[in-house]
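Structural characterization, general
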Amino acid sequence: MSDQTDPSLRSVELTRIGPARFKATNARGGETFFGTGGEDPDFTPVELLLAAIAGCSALDVEAITHKRTSSTRFDVRAEGRKVRDEHGNHLTGLRVSFDVAFPEGREGDVASARLQAAIEMSRDRLCTVSRTVQLGADVAYDRVSRP
């Protein structure tokens, strides 16, 4: 199925652009680059995962809290430890930290009062990326043979 016939389908295409460097392109033509984290400034796949978790939740929390007023500071940090154990390579201790401030006054107080609930809604229900990590999902790997 293509993206146009299935509104729930999300996809990206990867193209190798150099030794251990790839370009990811989304269906709208947006591009980002990643690699091994050596000399180039590109994100590693693990950093992209952390950015996706933080970004997904940041968008959720912003949408909820900014119904009242815009923040004066909105910083989010995602972190985890990369380990290799009997389960193979994976991340442990994933944490998303929000540092958000709102202007003084009634609207800022209301937005600030909603902040913790917004973070919890993102964590427990809204953020597709972190929910997928939390719940786990099978990943099928296929080989496509082309001439």
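Here we summarise the structure given alongside this text. Every chain begins its residue count from 1, and numbering advances along the sequence as written. Per-residue local features are limited, in this predicted model, to residues with pLDDT of at least 70; the limit for side-chain atom pairs, both in listing and counting, is 80 or more; totals at the level of whole chains, interfaces and linings are taken over all residues. Excluded from the side-chain calculations are hydrogens and water; all other atoms, namely the structure's heavy atoms, are used.

**Considering the state of the cysteines**
Pairs of cysteine sulfur atoms within 2.5 Å are identified as disulfides in what follows. Within the structure shown, the criterion is met by one disulfide. Bridging Cys56 to Cys127, the disulfide has an S-S length of 2.5 Å. With Cys56 in helix α1 (residues 45–65) and Cys127 in the loop between α2 (106–126) and α3 (128–135), this pair connects stretches of sequence that are 71 residues apart. Side by side, Cys56 and Cys127 carry an identical accessibility label, which is buried. Numbering goes from the N terminus for both helices and strands, where a helix is a DSSP run of H or I of at least four residues and a strand is a run of E of at least two. Burial status follows relative accessibility: with a 1.4 Å probe on protein chains alone, a residue under 20% of its type maximum counts as buried, one over 50% as exposed, and anything between as partly exposed.

**Looking at α1**
Each helix should span, by expectation, one fewer than its residue count multiplied by 1.5 Å. Compared with the 30 Å implied by 1.5 Å per residue over 21 residues, the 30 Å span of α1 between its first and last C-alpha is a close match. Considered for burial, the residues of α1 that qualify are Leu50, Ile53, Ala54, Cys56, Ser57, Ala58, Asp60, Val61, Ile64 and Thr65. Looking at the buried positions of α1, the neighbouring elements they touch are β4 (73–85), β5 (88–101), α2 and α3. In this analysis, two residues are considered to be in contact whenever any of their non-hydrogen atoms come within 4.5 Å of each other.

**Quick word on the pairing of β5**
Direction of pairing for β4 relative to β5: antiparallel, over a ladder of twelve bridges. If you follow Asp85 over to β5, its bridge partner there is Gly88. We call two strands paired when DSSP finds no fewer than two bridges between them. Between β4 and the antiparallel strand that follows it, β5, lie two residues.

**So, the sheet that holds strand β3 (residues 31–35)**
Here we have three strands laid out as an open sheet, ordered β1-β2-β3, and antiparallel in their pairing. The sheet is open, and its two edges are formed by β1 (12–18) and β3, each paired on a single side. Each adjacent strand pair in this sheet contributes to an overall mean axis angle of 30°, direction not counted. Pairing of β1 with strand β2 (residues 21–26) involves six bridges; the strand directions are antiparallel. Between the N-to-C directions of two axes lies an angle of 0 to 180 degrees, each axis being a line fitted to C-alpha atoms and, for a helix, fitted only over the stretch in contact.

By themselves, these observations are geometric and do not establish any function.
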